[in-house]
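Spelled out from the first residue to the last, the chains are:
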Protein chains: 2
Amino acid sequence: MDETKELEERFAQLRKDLDEGNLHEFRDEFLEMHIYEQGQFYQSLKDDQRLLVYSYLSPKELADMFDVIEEDNEYMKDYLAEMRPSYAAEMLSEMYTDNAVDLLNTLSKKQIAKYLSLMDAEDAAEIKELLHYEDETAGSIMTTEYVSIVANQTVRSAMYVLKNEAKAAETIYYIYVVDQEGRLVGVISLRDLIVSDDDAMISDIMSERVISVHVGDDQEDVAQTFRDYDFLALPVTDYDDHLLGIVTVDDIIDVIDEEAASDYSGLAGVNVEEISENPIKAAGKRLPWLITLLFLGMATASLISHYEVLVSEASILAVFISLITGTAGNAGTQSLAVAVRRLAMNDDKSNTFFATVIGEVLTGVVTGAITGLTIFAIVAVWKGNPILGFVIGMAMMCAITVANLAGSLIPMLMDKLGFDPAVASGPFITTLSDLTSVLIYFNIASMFMNYFIGN
Amino acid sequence: MDETKELEERFAQLRKDLDEGNLHEFRDEFLEMHIYEQGQFYQSLKDDQRLLVYSYLSPKELADMFDVIEEDNEYMKDYLAEMRPSYAAEMLSEMYTDNAVDLLNTLSKKQIAKYLSLMDAEDAAEIKELLHYEDETAGSIMTTEYVSIVANQTVRSAMYVLKNEAKAAETIYYIYVVDQEGRLVGVISLRDLIVSDDDAMISDIMSERVISVHVGDDQEDVAQTFRDYDFLALPVTDYDDHLLGIVTVDDIIDVIDEEAASDYSGLAGVNVEEISENPIKAAGKRLPWLITLLFLGMATASLISHYEVLVSEASILAVFISLITGTAGNAGTQSLAVAVRRLAMNDDKSNTFFATVIGEVLTGVVTGAITGLTIFAIVAVWKGNPILGFVIGMAMMCAITVANLAGSLIPMLMDKLGFDPAVASGPFITTLSDLTSVLIYFNIASMFMNYFIGN
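Residues numbered from 1 in each chain as written. Chains lettered and ligands numbered in written order. Predicted model: local features only at pLDDT ≥ 70, side-chain atom pairs only at ≥ 80, totals over all residues. Heavy atoms only, no water.

(A) Fine view of the nonpolar core. Core analysis: the largest hydrophobic core is formed by 182 residues, its most contacted members being Phe66 and Leu190 of chain A together with Phe66 and Leu190 of chain B. Not counting the four nearest positions on each side in its chain, Leu190 of chain B is found in contact with Tyr173, Leu190 and Ile194 of chain A together with Met159, Leu162, Ile172, Tyr173 and Ile175 of chain B. (Core = buried A, V, L, I, M, F, W, Y, C linked by side-chain atoms within 4.5 Å. Buried < 20%, exposed > 50% of the residue type's maximum accessible area, 1.4 Å probe, protein only. Contact = heavy atoms within 4.5 Å.)

Below, the structure is given as structure tokens:
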């Protein structure tokens, strides 16, 4: 609390300095702040205040701050647009390449070309290189600011290289060793470098078993390697082992957050990464799903409509519709969550498919049998009607088993077909399970029709 | 693929060396592997093979590997139990303190006391200190293996300290500066140390604005600070600013994974972190939820039962029960997900409460009105019955609005009362929304009872 207040006061002072033209005070105080706080401050400014910032600070001084402002910030484009194009281009080339690329990727092709044409040929080439990589691959999240050395030198000379490159590199805590063709042959951590003798040869102390990822690898797999090995950075290579770049742990945290939000959104049937404060906008984002499912729900309604005669003769059947569809929907959601989770955790997907679907169906049989027996007992006592209890119990058991089948089979199939399994959302499974549950329920009830109508 | 195969072959060779008693070959090959791979290998062994490992490798050599084996591995206790107690105690004291504590926390108090009594007094004291911290706080995930120095020395002498402590510290990439009472006064990164002049004073180059967390802070808040500032480690202090330990980014990745899994589990009504292959066990974990919700569902059934006369006279009403409950349930799930997500993202929770609930209700009115109009049009045309369409449409709109209210209000209230909002699970919200939807539907239908019964 105190820290937040202190920060607010500092921001107020900075804004005052800005408005009153206290150039030196502003620069001293601003540049001493952590880049995250610089970003918070910058985003708290009004349009005309930001224009002053661009004249008080060099593109290079602003670049670090832009590295930490979220690239999905909706105002990012406006910030770039209000800078002089040459200022923006210089700032982009001073940013870490991966962040500059993320930022450029939100712009139109024409704008990207404009900024690239204003940069150094070398910087522009590096950025162009990274712009090619497909979204959600190792290539799309890697940066080219790493430190690489050759093996045939001493620790002392390697430390000398490091000191020179430390300012520009995104991390200096792993140093990658390459051969003359630029192929990755080893790695050494700064920790090992520091505890080694100054005259030791890099080739003797480096680790030759380098864990690396391929440039086309899915970013989720890269994140899994980070989890397994607890690395701070991982080298990225092409298929001929040439070192292309590195992925750092801070980018992996973003990947993990993104994947978690996407799984969660899938289960809920709403994109929680695009939360809007405006009810009209929020409704606009949710309606497509709701209306689509409404039409699927209409199929269930017409199915019940088909059995309207049975219902009018035995209205007691209507009492249990929502209980059966609801319970089966709950079971199906559980299966869906387990299947999606297992897909996310397991690399060897061929075994997972049948094991998961069969496991879920068996789990459905067990939970269905117990839930069915429970409801049989309740209905038999409550309504004094064991036959009705049997119909409800049997329907419950079958409906739960089928819901578990759908909940596991559908995401597994989506995955096989190359879609994100999380797209098979919770609401979709429950709505589909409503349909199958009603079908099962009325079919079983029909077998006992004479009994119901006779009563 | 090739890498996996290569690893499998290496493991096979290692097992052969183990079985045939090739001590040196085994040690050379094993100690050259990455600790994560050592862990994979160790977990692939049979009981008697593991016993050989304990005689081939020292507790210290095994400690690094145990640092990366998941603490929630179910066999962890067995591994410890099969070692000689003094061997296990030495290994525990060689592990990073935070990991040793995690591991000990899975044991009984008696066992913990046994191992502690077999350790060095100093190691035991460090572990005891950490055992006290509450679960899910910064204290529970911090380690005490950090590097701290005093400000009044040169870069050269600081580097000397660092070289000596590098082996034992969990990270050496941030060095924390403390005063004589052990209060945190500054921080310097190894990167800054390396690029600085050897004769520069630490007090001149350190950053005095240290971002730190309190030992009692929630681990989720610590994770958020990591996200904001892109740190690799954060210092943990008590309320008088004394440095107690550090949290490293690899532990934060575990925290982020845990929190994501817990939110996801909440929405699904099943704990996805305890996935069992055995259908009976899996069923045992899911049934408590399903049966509890079955009883809540019974309330909905008895409510419908109350309107049985109306249903038997106007069986058309039964056709739309599942459509209304299903759609409202879908909308409620969306609201729940948005509310839980907003709670997770926002620190300043007082503003969030009303803004979120009111926002969700308004969103419910908008989505409800549009969905209601759609179903009105469909029913009016399909059944040629605008009055029935009006009843269904009105009920749909009210049910969606109430579902959004429940979906946002319940998690917000849970949070206010100090519970994890994710416990208000998706299935609970949909089952509750079934009840309110049916209530709304039949109440509106009752107002038009004369019309329906007249028909």
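(B) Just the relation of the copies chain B and chain A, in detail. When chain B is brought onto chain A, the operation consists of a screw motion whose angular component is 180° and whose axial shift is 0.0 Å, with 0.1 Å RMSD remaining. On the angle and the small slide along the axis, the relation comes out as a two-fold axis. Residue Ser312 of chain B, judged by its C-alpha, is the member of chain B lying nearest the rotation axis, at 2.4 Å. Most of the interface of chain B is mirrored in chain A, where 100% of its interface residues again form contacts. (Least-squares fit on C-alpha atoms with pLDDT ≥ 70 in both.)

(C) Region of interest: the sheet that holds strand 5 (residues 233–237) of chain A. All names here are of chain A. Pairing is mixed across the open sheet formed by three strands, whose spatial order is 4-5-6. The open sheet has two edge strands, strand 4 (213–214) and strand 6 (243–248), and neither has a second partner. Packed on one face of the sheet, helix 15 (residues 219–229) meets strand 4, strand 5 and strand 6 and runs near 140° to strand 5. (Pairing = 2+ DSSP bridges. Helix = DSSP H or I, 4+ residues; strand = E, 2+ residues; numbered from the N terminus. Axes fitted to C-alpha atoms, helices over the stretch in contact; angles between N-to-C directions.)

(D) Main features of the domain arrangement of chain A. Domain assignment breaks chain A into domain 1 (2–136), domain 2 (148–248) and domain 3 (279–454). Once you take the C-alpha centre of each, domain 2 of chain A and domain 3 of chain A turn out to be 52 Å apart. (Domains from an automatic or database assignment.)

(E) Region of the structure containing unusual backbone geometry. Although it is not a glycine, Asp241 of chain A adopts a positive phi angle of roughly 70°. In this structure, Asp241 of chain A sits in the loop between strand 5 and strand 6. Relative accessible area serves as the criterion here: at 39%, Asp241 of chain A is assigned to the partly exposed category. Even without being a glycine, Asp230 of chain B presents a positive backbone phi close to 55°. Relative to the helices and strands, Asp230 of chain B is located in the loop between helix 15 (219–229) and strand 5 (233–237).

(F) Region of interest: the environment of Gly368 of chain A. All names here are of chain A. Within the secondary structure, Gly368 is located in helix 21 (residues 349–382). A sequence separation of 286 residues divides Gly368 from Glu82, and the C-alpha atoms of the two residues are 62 Å apart. Beyond its immediate chain neighbours, meaning those up to four positions away, Gly368 contacts Met397 and Ile400.

(G) Looking closely at the packing of aromatic side chains. Counted under the stated rule, the structure contains 37 aromatic pairs over all chains. Of the aromatic side chains, those joined through ring pairs into one cluster are Phe11, Phe26, Phe30, Phe41 and Tyr56 of chain A. The ring of Trp382 of chain A is capped by Lys383 of chain A, whose NZ or CZ atom sits 4.2 Å from the centre of that ring. Over the ring of Tyr115 of chain B we find Lys114 of chain B, and its NZ or CZ is 4.9 Å from the ring centre. (Phe/Tyr/Trp six-rings, centres within 6.5 Å; stacked < 30°, edge-to-face > 60°. Lys NZ or Arg CZ within 6 Å of the ring centre and 35° of its normal.)

(H) Here's a closer look at the interface of chain B and chain A. Counting residues at the interface gives 114 residues for chain B, matched by 114 residues for chain A. Of the roughly 9900 Å² buried where chain B meets chain A, counting both sides, 65% is carbon and sulfur surface. Area buried by chain B at its contact with chain A is led by Arg191, Arg209 and Tyr264 of chain B, which between them contribute 8% of it. Joining chain B to chain A, the criterion identifies eight salt bridges. Across the pair Arg286 of chain B and Glu360 of chain A runs a salt bridge whose closest N-O atoms are separated by 2.7 Å. At the boundary of chain B with chain A, the tally comes to 30 residue pairs in polar contact (both at pLDDT 80 or more). Broken down by element, the side of chain B that touches chain A gets its largest block of residues, 19 residues, from helix 17 (residues 279–306) of chain B. (Buried area = accessible area lost by both parts, 1.4 Å probe. Salt bridge = Lys/Arg side-chain N within 4 Å of Asp/Glu carboxyl O. Polar contact = N/O pair within 3.5 Å; in protein donor to acceptor, adjacent residues only side chain to side chain.)

(I) View of the packing of helix 15 of chain A against helix 16 (residues 249–268) of chain A. Residue and element names in this part refer to chain A. Running from amino to carboxyl end, helix 15 crosses helix 16 at an angle of 120°, the nearest separation of the two axes being 10 Å. By the angle between their axes, helix 15 is oblique relative to helix 16. Taken as a pair, helix 15 and helix 16 cross one another with a handedness that is left-handed. Contacts between helix 15 and helix 16 involve Gln219, Glu220, Val222, Ala223, Phe226 and Arg227 on the former and, on the latter, Val249, Ile252, Val255, Ile256, Glu258 and Glu259. By residue class, the composition of the contact of helix 15 with helix 16 is seven nonpolar, one polar and four charged. (Parallel < 35°, antiparallel > 145°, perpendicular 65-115°, else oblique. Left-handed = near helix turned anticlockwise from the far one by under 90°. Nonpolar A, V, L, I, M, F, W, Y, C, P; charged D, E, K, R; others polar.)

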